Amino acid sequence: MIKLNLKTNNKSEELIKEYLQENVSETLADKINNGVKIQKDNKTVINKKDLSDFMKYANNEARKLAEKGATSTCIEDKTVFSWAIHYFEEDIILGQLFNEDGSEFKPINKPTTQTIKSEYKKKENEQENLFDIINLDKALDSNSKKQENIKPTIDYETGEVLINNTNEILNKGAITILYSLFGDALEVK
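We now turn to the structure provided with this report.

Quick look at the overall build of the protein chain now. The secondary structure content of the protein chain amounts to six helices and seven strands. In the protein chain, the order of α-helices and β-strands from amino to carboxyl end is α-α-β-β-α-α-β-β-α-β-β-α-β. Look at the contacts in the protein chain between residues 6 or more apart in sequence, and 65% of them connect residues 24 or more apart. Just so you have it, the protein chain exposes about 14,000 Å², and 48% of that area is on carbon and sulfur atoms.

Structure (structure tokens):
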């Protein structure tokens with residue numbers, strides 16, 4: 001039986017480890033024990049995966065299988081075991097990243113998230129008046145000349161407004177409109 005250097009924290013993780021030790025190939029065992037070299041931010045790093053992160057992965061996979069609105073679902077053991085093999089085999093699934101010297105890898109530019117608060121906050125069930133709309137149109141017209149090169153992109157899956165360059169800033173009128181539509185859910189990353 002192949003020995004895997006995986007730490008277990010509970011009975012579920014012990015069952016997964018036992019299955020893996022009995023069923024993995026030498027190549028997969030090497031990936032699990034030593035990690036895999038990958039390129040991240042133009043740097044070679046070692047991608048190491050553990051059972052704790054696998055359990056989070058399996059939980060997300062189970063949620064995908066659950067029916068809409070379901071609070072629970074049943075997953076067969078063989079399905080969970082196949083997820084374990086897939087999780088540890090696939091190099092594109094990231095675990096913990098380490099530099100080649102063994103120190104923890106830290107991304108170069110970690111994006112920060114900040115919530116934008118607007119001066120204008122529409123109260124619930126309050127209709128916008130014509131003067132507010134006219135003032136927003138004027139603000140947008142005056143700012144559009146200054147910001148012709150700024151073209152924010154919208155991620156249609158998440159609804160996030162993406163900015164192509166960190167120096168680009170959305171104008172106040174656009175922020176006000178977005179805030180009136182999305183309220184406190186609006187975040188700029």
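Turning next to the pairing of strand β1 (residues 36-40). As judged from the five bridges shared by β1 and strand β2 (residues 43-48), these two strands associate in the antiparallel manner. If you follow K37 over to β2, its bridge partner there is I46. Here β1 folds back onto β2, and the loop between the two strands holds two residues, one of which, D41, carries a positive phi near 55 degrees.

The gaps of empty space that remain are located by a probe, the size of a water molecule, rolled over the atoms. Considering only enclosed or pocket space, the second largest pocket measures out at about 200 Å³ in volume. When residues of the lining of the second largest pocket are traced back to their parent elements, those giving at least two are α1 (11-23), α3 (51-65) and α4 (77-89).

What counts, and at which threshold
Residues numbered from 1 in each chain as written. Predicted model: local features only at pLDDT ≥ 70, side-chain atom pairs only at ≥ 80, totals over all residues. Heavy atoms only, no water. Helix = DSSP H or I, 4+ residues; strand = E, 2+ residues; numbered from the N terminus. Contact = heavy atoms within 4.5 Å. Areas by Shrake-Rupley, 256 points an atom, 1.4 Å probe, with all protein chains shown as cover. Pairing = 2+ DSSP bridges. 1 Å grid on protein atoms, 1.4 Å probe; cavity = no way out; pocket = protein on both sides within 12 Å on 5 of 7 lines; lining within 4 Å. Points joined across faces, edges and corners; volume = space filled by probe spheres on them.

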